[in-house]
Amino acid sequence: MSAHESMEQADQAKEASHENRNIALLIAVIALCLALSETLGKGAQTESISKNVEASNLWAFFQAKSIRRTVVQTAAEQAKLNETTAADDAAKATLQKQIDNWQKTAARYRSEPETGEGQDQLSERAKHAEEERDLAEAKYHHFELASAAFQIGIVLASATIITGIVALSWISGLLALGGIAFTALGIFMPHLLHLP
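Attention here is on the structure that accompanies the text. As the structure is a prediction and not an experimental result, all values here were calculated from the model.

What counts, and at which threshold
Residues numbered from 1 in each chain as written. Predicted model: local features only at pLDDT ≥ 70, side-chain atom pairs only at ≥ 80, totals over all residues. Heavy atoms only, no water. Helix = DSSP H or I, 4+ residues; strand = E, 2+ residues; numbered from the N terminus. Core = buried A, V, L, I, M, F, W, Y, C linked by side-chain atoms within 4.5 Å. Buried < 20%, exposed > 50% of the residue type's maximum accessible area, 1.4 Å probe, protein only. Contact = heavy atoms within 4.5 Å. Expected span 1.5 Å × (residues − 1). Salt bridge = Lys/Arg side-chain N within 4 Å of Asp/Glu carboxyl O. Phe/Tyr/Trp six-rings, centres within 6.5 Å; stacked < 30°, edge-to-face > 60°.

On to the environment of serine 50, then. Within the secondary structure, serine 50 is located in helix α1 (residues 3–83). For serine 50 and arginine 108, which are 58 residues apart along the polypeptide, the C-alpha to C-alpha distance reads 29 Å.

Here it is, written out as structure tokens:
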């Protein structure tokens with residue numbers, strides 16, 4: 001092997017080493033983006049589950065209030081029917097007082113703004129929790145797509161080192177940009193795209 005060939009090989013090795021360092025840097029940046037999107041995705045997933053549980057609990061409480069209200073209203077209506085058959089005025093007055101108490105209780109079950117535990121308030125709180133759940137779920141889907149793009153980008157960048165096909169690194173970079181775009185959409189505009 002001549003000195004000229006040795007120098008050419010050394011230059012090629014140096015150039016390949018420089019390209020490999022650039023690809024390694026690209027992989028490191030994409031891996032950082034992947035870690036961020038995964039962290040955001042797990043946070044959004046946890047929030048979605050938490051808000052779903054909250055909404056379910058509120059709707060269950062709403063249903064319990066509805067059942068109680070129906071029972072109390074039925075008792076008041078039954079007492080009204082029995083009021084006509086009451087023997088004396090004292091019994092009628094006592095029965096009327098009980099009917100009034102039941103009607104007040106039924107009204108309180110319908111709306112109780114001071115505690116926030118009336119049917120109207122529970123319904124509003126449950127709907128709000130559902131909206132927050134849907135928002136977190138939309139964010140989660142965007143972060144998952146971003147993570148997939150980052151993972152594929154890392155694989156393609158790694159393949160560039162093995163195969164020497166530079167086009168793979170360009171595709172990897174484009175996938176990384178796509179992942180960044182999905183992450184940004186997940187953070188700032190999660191309802192812009194309607195993802196399943």
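Once the structure has been displayed, the description carries forward.
On to the nonpolar core, then. In this structure, Ile23, Ile27, Ile30, Cys33, Leu34, Ala146, Phe150, Ile154, Ala157 and Ala176 together form the largest nonpolar core, which totals ten residues. Of all elements in the fold, only α1 and α3 (119–163) reach the threshold of two or more residues within this core. Ranked by residues supplied to this core, first place goes to α1 with five residues. Apart from residues no more than four positions distant in its own chain, alanine 176 is found in contact with Ile30 and Phe150.

With 45 residues, α3 extends 65 Å between its outermost C-alpha atoms, agreeing within 8% with the 66 Å of an ideal straight helix rising 1.5 Å per residue. One or two steps after α3, the chain reaches glycine 164, where phi turns positive at roughly 80°.

Scanning the entire structure with this criterion turns up six salt bridges. Note that glutamate 112 is salt-bridged to arginine 108, the shortest N-O span being 4.0 Å. Close ionic contact of aspartate 134 with arginine 133 constitutes a salt bridge, the shortest N to O distance being 3.1 Å. For aspartate 134, a relative accessible area of 35% puts it in the partly exposed group.

All told, the structure shown has one aromatic pair when counted by the stated rule. Summarising the aromatic geometry, the rings of tryptophan 59 and phenylalanine 62 are spaced 5.4 Å apart at their centres and angled 80° between planes, so their arrangement reads as edge-to-face. With tryptophan 59 and phenylalanine 62 both in helix α1, this residue pair falls three residues apart, about one helical turn. Using a relative accessible area of 26% as the deciding quantity, one classes tryptophan 59 as partly exposed.

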